Amino acid sequence: MRGFLAAGLLGAALSISADEQASVVVRFLDLQSSEADMCTLNLLEIEYETALSSCASTAAPHALSNQHNLAVLQLFGVAGQADVAHSLQLLGAAARAGHGGSMAALAYAREVGLAGEVDHSKAFSWARLSAAANHAEGFYLVGSYYESGTGVTADAGIASEWYQRAVDAGHVEAHTRLAIQHHLGNGVAVDNHKAAQLFETAAIAGESQAQFHLGLLYLRGVGVAQSHDEAFVWFGRAAEQDHAGAQNNLAYLYANGRGVGRDLTKARRWFTLAAASGHVDAQLSLGRIYAQGIDTHRDPSRAAKFYHMAANQGSVEASYELAVLYARGEGVAQNIFNAHLLASISAHGGSNKAIGLVTTLEAAMTPEQLAHARVRTEQSLKNLGLVRP
């Protein structure tokens, strides 16, 4: 199964995608009220539609937390009930009453533009107010803003201090961010043993990014004893939460029989899920599976489809493989000009095989074809920014 790829650690600050909205909502909810409070009970049971009604209650002593939670549900449009204007009014009132969670939610709203135009300066100000109110999300947001330079000059060292405060307050995602800093030596000394401990705490709490990263550490034996069995466990948990990198790596383990019995059918299933989420390595692996007919019938047309996906995301290897298909007319209509273009793109990315293919293609062209191919390829490379105009 040579050529199947395992995804690596992320080095940049984590971004929030639409698929992760549910976890973002949970981050901002106030679930510390008494179990006698129906709003909190509904939220804990993830009965959001019912919670929209119960959280509207203004009965003491839960009025402030209920007001905050209703605002969060409306801010993110939970159960199809988006009301950003009303949400911001409620959050503003709760923030003025001293609710640190509402201050943090306002920071996030300013950060991503839910409160109108993106305003990083106001986002940072609200985050600092939340932190001053000793709110864990406030600690985390201040840390993330220092790490990314959002509304403040970037400083990874200061970011790590705020992440540590959030960790001490029990903030799950802060464990992941601080772990990545320790792994990369970003603002702190490299300490993979500590990174593994932080990842494990967050992973046990169900945080998919931490589960993915912990799986990688076990896969590579970094900060922990190498264990494909443990890697399989943690990739599996993250994969079930639709983490594309974990799905790709779980497929890699199935394909190579590491940590689990070799099962190419399951490998293909997980590669397919990861590819559907845009994971370039999974797309490349599926292209190879169908091009070579690995545990399935050979299907050059499907191979071309997945190579196209990966090539469009800048995969040098996929561009080469797709060039080969165009040169042969397998899975696509034969087109030496497309083959020349794709091989040239791959060659500019450092592929020696692609350089050889370009040479072979040009040797078989007539002078007119060669002149046309070179002009077309040069212009395309300029458009892609691979060569100077």
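Provided above is the structure to which this section pertains.
Presented here is an overview of the structure given in this document. (Residues numbered from 1 in each chain as written. Predicted model: local features only at pLDDT ≥ 70, side-chain atom pairs only at ≥ 80, totals over all residues. Heavy atoms only, no water.)

A complete count under the given rule lists nine aromatic pairs for this structure. Look at phenylalanine 212 and phenylalanine 235: their rings are 6.2 Å apart centre to centre, the planes differ by 45 degrees, and that puts the pair in the tilted class. Of this pair, phenylalanine 212 sits in helix α12 (residues 208-220) while phenylalanine 235 sits in helix α13 (residues 228-239), and the two are 23 residues apart along the sequence. The pair phenylalanine 212 / phenylalanine 235 is uniform in exposure class, with both members buried. A connected cluster of aromatic rings, assembled from ring pairs, spans Phe28, Phe76 and Tyr108. The cationic tip of arginine 237 hangs over the ring face of tryptophan 234; the distance from NZ or CZ to the ring centre is 4.5 Å. Sitting above the plane of the tryptophan 270 ring, arginine 269 keeps its charged end 4.4 Å from the centroid. (Phe/Tyr/Trp six-rings, centres within 6.5 Å; stacked < 30°, edge-to-face > 60°. Helix = DSSP H or I, 4+ residues; strand = E, 2+ residues; numbered from the N terminus. Buried < 20%, exposed > 50% of the residue type's maximum accessible area, 1.4 Å probe, protein only. Lys NZ or Arg CZ within 6 Å of the ring centre and 35° of its normal.)

Once that is clear, we can look at helix α16 (residues 280-292). Between its terminal C-alpha atoms α16 stretches 18 Å, which fits the 18 Å expected from 13 residues at 1.5 Å a residue. A positive phi of about 70 degrees marks glycine 293, the residue just after α16. (Expected span 1.5 Å × (residues − 1).)

The next subject is the nonpolar core. Among the nonpolar cores identified, the biggest contains 112 residues, and Phe28, Phe76 and Phe235 are the most heavily contacted of them. Among all residues touching phenylalanine 235, those that are not within four sequence positions of it are Phe212, Gly215, Leu216, Leu219, Ala246, Asn249, Leu250 and Leu253. (Core = buried A, V, L, I, M, F, W, Y, C linked by side-chain atoms within 4.5 Å. Contact = heavy atoms within 4.5 Å.)

Per the stated rule, a full pass over the model turns up seven salt bridges. When the shortest N-O distance is used, the salt bridge between glutamate 137 and arginine 27 registers 2.5 Å. Of this pair, glutamate 137 sits in helix α8 (residues 136-148) while arginine 27 sits in helix α1 (residues 21-28); the two residues are 110 residues apart in sequence, bridging distant segments of the chain. An identical accessibility class is assigned to glutamate 137 and arginine 27; each is buried. Arginine 374 serves as the salt-bridge partner of glutamate 362, at 2.9 Å between the closest nitrogen and oxygen. In this pair, glutamate 362 is assigned in helix α20 (residues 352-363) and arginine 374 in helix α21 (residues 367-383), connecting sequence segments 12 residues apart. (Salt bridge = Lys/Arg side-chain N within 4 Å of Asp/Glu carboxyl O.)

Another aspect to go through is the environment of lysine 194. Mapped onto the fold, lysine 194 is located in helix α11 (residues 192-204). In this structure the C-alpha to C-alpha distance between lysine 194 and tyrosine 307, which are 113 residues apart in sequence, comes to 39 Å. Apart from residues lying up to four places away in sequence, lysine 194 is in contact with Gln164 and His182.

Before going further, it helps to spend a moment on the side chain of asparagine 192. Tracing the backbone through its elements, the reader meets asparagine 192 in helix α11. Side-chain polar atoms of asparagine 192 contact the side chain of histidine 183, separated by 2.7 Å. When sequence neighbours within four positions are dropped, the list of residues in contact with asparagine 192 reads His183, Val222 and Gly223. (Polar contact = N/O pair within 3.5 Å; in protein donor to acceptor, adjacent residues only side chain to side chain.)

Moving on to the packing of helix α7 (residues 120-132) against α8. The N-to-C vectors of α7 and α8 enclose an angle of 140 degrees; their axes lie 7 Å apart at closest approach. One element, α7, and the other, α8, form an angle in the oblique class. Handedness of the crossing formed by α7 with α8: left-handed. Along its contact with α7, which presents Ala123, Phe124, Ala127, Arg128, Ser130 and Ala131, the element α8 presents Gly138, Phe139, Leu141, Val142, Tyr145 and Tyr146. (Axes fitted to C-alpha atoms, helices over the stretch in contact; angles between N-to-C directions. Parallel < 35°, antiparallel > 145°, perpendicular 65-115°, else oblique. Left-handed = near helix turned anticlockwise from the far one by under 90°.)

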